[in-house]
Amino acid sequence: MSTRRKFIENITVSAIGLPLLSSSANLFASSTEKYDGPILKIAIMGLGSYGNRVAEAMLNCKKAKLVGVISGTPSKITKWQEKYGIPTKNCYNYDNFDAIKDNDDIDAVYVITPNGLHCEQAIRVAKAGKHVICEKPMGVNAKEGQRMVDACKAANVKLLIGYRMHYEPKTVHVIQMRKNGEFGQPKFFQGQSGFVIGDPTQWRLKKELSGGGAMMDIGIYSINGARYMLGEDPIWVTAQETKTDPVKFKEGIDETIQFQMGFPSGAVANCLSTYNMNNLDRFFMTGSKGWMEMKPSTGYGPIEGRTHKGELNQPHITHQTLQMDGMSELIFDGKQPIVPVDGEEGVKDMKIIDAVFLAAKTGDKVTINL
Ligand code: NDP
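The structure contained in this document is the topic of the report that follows. Only a predicted model underlies this, so the values are computations on that prediction, with no experimental measurement involved. (Residues numbered from 1 in each chain as written. Predicted model: local features only at pLDDT ≥ 70, side-chain atom pairs only at ≥ 80, totals over all residues. Heavy atoms only, no water.)

**Quick notes on the overall build of the protein**
Part 1 of the argument: Across its full length, the protein holds 11 helices and 15 strands.
Part 2 of the argument: Against the globule reference of 21 Å for 370 residues, the protein gives a C-alpha radius of gyration of 20 Å, in line with a compact fold.
Part 3 of the argument: Along the longest, intermediate and shortest principal axes, the C-alpha atoms of the protein span 55 × 50 × 40 Å.
Part 4 of the argument: Of the roughly 15500 Å² of accessible surface on the protein, 51% is carried by carbon and sulfur atoms.
Part 5 of the argument: Where the 44 positive side-chain charges of the protein centre and where its 40 negative ones centre are 2 Å apart. (Helix = DSSP H or I, 4+ residues; strand = E, 2+ residues; numbered from the N terminus. Rg over C-alpha atoms; globule rule 2.2 N^0.38 Å. Areas by Shrake-Rupley, 256 points an atom, 1.4 Å probe, with all protein chains shown as cover. Lys, Arg positive; Asp, Glu negative; His and termini not counted. Charge placed at Lys NZ, Arg CZ, Asp CG, Glu CD.)

See the structure below:
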């Protein structure tokens, strides 16, 4: 059975009888309908592990299509050309991709390279007049994030960050419940994000390419999750760092950080980010009227969870398929997801990460103004 057919069947079966509350949920409810609107033509920059996942997911998109690549590895380009039918005129490397400005086949570039390269690459894409989709973390600090926002504004192109959870049906449902007041006043969020990282030579453990350790890579999910689950931005953070292996986790590469955030309403969050423990992918929130728990909460899915009202049973659909169709709708129709995915949203997370690092280093309670 083709992936496409399986996808449509899954949607059709899963969508029957379910109360679909969100715009992304409506997206898959109508996925069997014929679509003849605009299609976002995308080039992926960085053909690594996640780039491959996004490309596969886009095979099932109706509103976005992979049409080009930017890569430093010629053998990967050849493989992708064969697999995805990409013409040679849409293939670039890191030296010549500014020429993309003269290529009308490409509307947007999805930057999926190591974090430390995002900022300069995104700015070059913006200067070439193409929309930028950039993986999280958008850069290695808030200053870089703001430079990216400014460059995209100046070039009059969109800057979107790869926050796939903002399109994930169970997540969207819980956020909608919170917006409807079903949890009452949110009071406490707990986020646990981590895994044991392998190969000590990988770029994720090199400061110049990663910008930091677990916090940049996985802790950011607890930061972003706290904000979309509580529906507020934090005003202070405190943080404590633990390092058991200073050889693997060198200066500037955090292994484990526990951090706390305070919010204007008085709500608080308590989070853990680590590269040294498994089975940590869990969100919990309690409010004055109800609670929610998700585990796994941000992995590739299926996401699982429950609230005081029962199990979450929204269908699993490949996150990146929903994300890329959703981003196409955003770029062409201005249709916003339930939580923003724009550059400003990315800068907020970068400001919080900057504050967490400062708090962990100084031991101080650090005030944030987002
Ligand atoms: P990989 O190492 O698997 O791939 C990165 C790719 O970037 C490489 O394959 C390479 O592609 C290119 N690249 C360019 N310069 C360098 C360099 N100096 N060193 C290493 N690679 C380079 O990483 P991931 O795909 O796992 O991560 C890429 C980005 O995606 C990160 O920002 C990460 O945080 C994000 N990510 C997001 C996820 C999500 O769920 N949203 C999940 C996983 C990652 P080429 O050979 O084609 O040039």
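After that view of the structure, there is still more to cover.
**Brief notes about the layout of surface pockets**
Part 1 of the argument: Estimated volume of the largest pocket: approximately 760 Å³.
Part 2 of the argument: When residues of the lining of the largest pocket are traced back to their parent elements, those giving at least two are α3 (49-58), α5 (115-127), β7 (186-194), α9 (214-230) and β11 (280-287).
Part 3 of the argument: Ranked by residue count, the leading element in the lining of the largest pocket is α5, at four residues.
Part 4 of the argument: Tallied by class, residues from the lining of the largest pocket come to 13 nonpolar, 16 polar and seven charged.
Part 5 of the argument: Two domains share the lining of the largest pocket, each providing at least three of its residues, namely domain 1 (37-161) and domain 2 (165-315 + 343-367).
Part 6 of the argument: As a volume, the second largest pocket reaches approximately 370 Å³.
Part 7 of the argument: Lining the second largest pocket are 16 residues, and of these Glu 241, Glu 251, Gly 252, Phe 357 and Lys 361 sit closest to its centre.
Part 8 of the argument: Sort the elements by how many residues they give to the lining of the second largest pocket and helix α11 (residues 343-362) lands first, with five residues. (1 Å grid on protein atoms, 1.4 Å probe; cavity = no way out; pocket = protein on both sides within 12 Å on 5 of 7 lines; lining within 4 Å. Points joined across faces, edges and corners; volume = space filled by probe spheres on them. Nonpolar A, V, L, I, M, F, W, Y, C, P; charged D, E, K, R; others polar. Domains from an automatic or database assignment.)

**A few points about the sheet that holds strand β2 (residues 64-70)**
Part 1 of the argument: Spatial ordering of the open sheet is given by β3-β2-β1-β4-β5-β6, a layout of six strands whose pairing is parallel. Of all strands in the sheet, those bounded by a partner on one side alone are β3 (91-92) and β6 (159-161).
Part 2 of the argument: In this sheet, β2 lies alongside strand β1 (residues 40-45) in parallel orientation, the contact comprising six bridges. Counted as the bridge partner of Ile 44 is Val 69 from β2. (Pairing = 2+ DSSP bridges.)

**Structural notes on the packing of aromatic side chains**
For any pair of aromatic rings, the description consists of the separation of the ring centres together with the inter-plane angle of the planes.
Part 1 of the argument: As enumerated under the stated definition, the model contains six aromatic pairs in all.
Part 2 of the argument: Consider the rings of Tyr 50 and Tyr 300, whose centres lie 6.1 Å apart with planes at 20°: the pair is stacked. Note that Tyr 50 is positioned in helix α3 and Tyr 300 in the loop between β12 (291-294) and β13 (305-307), a separation of 250 residues in sequence.
Part 3 of the argument: Residue class for Tyr 50 comes out buried when judged on its relative accessible area of 15%.
Part 4 of the argument: When the centroid spacing of 5.3 Å and the interplanar angle of 70° are considered together, the rings of Phe 195 and Tyr 275 count as edge-to-face. Of the two residues, Phe 195 sits in the loop between β7 and α8 (207-210) while Tyr 275 sits in the loop between β10 (268-274) and β11, which places them 80 residues apart along the sequence.
Part 5 of the argument: Classification of Phe 195 by relative accessible area gives partly exposed; the value is 27%.
Part 6 of the argument: According to the relative accessible area criterion, Tyr 275 is buried, its value standing at 1%. (Phe/Tyr/Trp six-rings, centres within 6.5 Å; stacked < 30°, edge-to-face > 60°. Buried < 20%, exposed > 50% of the residue type's maximum accessible area, 1.4 Å probe, protein only.)

**Points about the site of the ligand**
Part 1 of the argument: Close contacts around the ligand come from 27 residues, with Ser 71, Thr 73, Lys 76, Tyr 94 and Asn 115 the closest.
Part 2 of the argument: Separating an oxygen atom of the ligand from a backbone N or O atom of Thr 113 is a distance of 3.2 Å.
Part 3 of the argument: Contact distances for the ligand include 2.7 Å between an oxygen atom and a side-chain N or O atom of Arg 164.
Part 4 of the argument: When contributions to the shell around the ligand are tallied by element, the ones reaching two or more residues are α3, α5 and α9. (Near = heavy atom within 4 Å. Polar contact = N/O pair within 3.5 Å; in protein donor to acceptor, adjacent residues only side chain to side chain.)

**Quick word on the pairing of β12**
Part 1 of the argument: Burial along β12 is one-sided: Met 292 and Met 294 are buried, while Trp 291 and Glu 293, pointing the other way, are not.
Part 2 of the argument: With four bridges joining them, β11 and β12 adopt antiparallel strand pairing. Within β12, the residue paired with Phe 284 across the bridge is Glu 293.
Part 3 of the argument: Here β11 folds back onto β12, and the loop between the two strands holds three residues.
Part 4 of the argument: Pairing between β12 and β13: three bridges, direction antiparallel. In the strand pairing of β13, Met 294 is matched with Gly 305.

**Structural notes on the packing of α5 against helix α6 (residues 142-154)**
Part 1 of the argument: Relative orientation of the contacting elements α5 and α6 amounts to 5°, with a least axis distance of 9 Å. Looking at the two axes, α5 sits roughly parallel to α6. Touching His 118, Cys 119, Glu 120, Ala 122, Ile 123 and Ala 126 of α5 are Glu 144, Arg 147, Met 148, Ala 151 and Cys 152, all from α6. (Axes fitted to C-alpha atoms, helices over the stretch in contact; angles between N-to-C directions. Parallel < 35°, antiparallel > 145°, perpendicular 65-115°, else oblique. Contact = heavy atoms within 4.5 Å.)

**Side note on the side chain of Gln 323**
Part 1 of the argument: By secondary structure assignment, the location of Gln 323 is in helix α10 (residues 319-333).
Part 2 of the argument: Among residues more than four places away in sequence, those in contact with Gln 323 are Tyr 50, Tyr 110, Gly 162, Arg 164 and Tyr 167.

**Considering the sheet that holds β10**
Part 1 of the argument: Pairing is mixed across the open sheet formed by nine strands, whose spatial order is β14-β13-β12-β11-β7-β10-β9-β8-β15. Strands with a single pairing partner mark the edges of an open sheet, and in this sheet they are β14 (310-311) and β15 (366-367).
Part 2 of the argument: Against the sheet, helix α7 (residues 169-179) engages β7, β11, β12 and β13, with an angle of about 165° to β12.
Part 3 of the argument: Each of β8 (236-242), β9 (256-262) and β15 is contacted by α11, which is oriented at about 55° to β8, the strand it contacts most.

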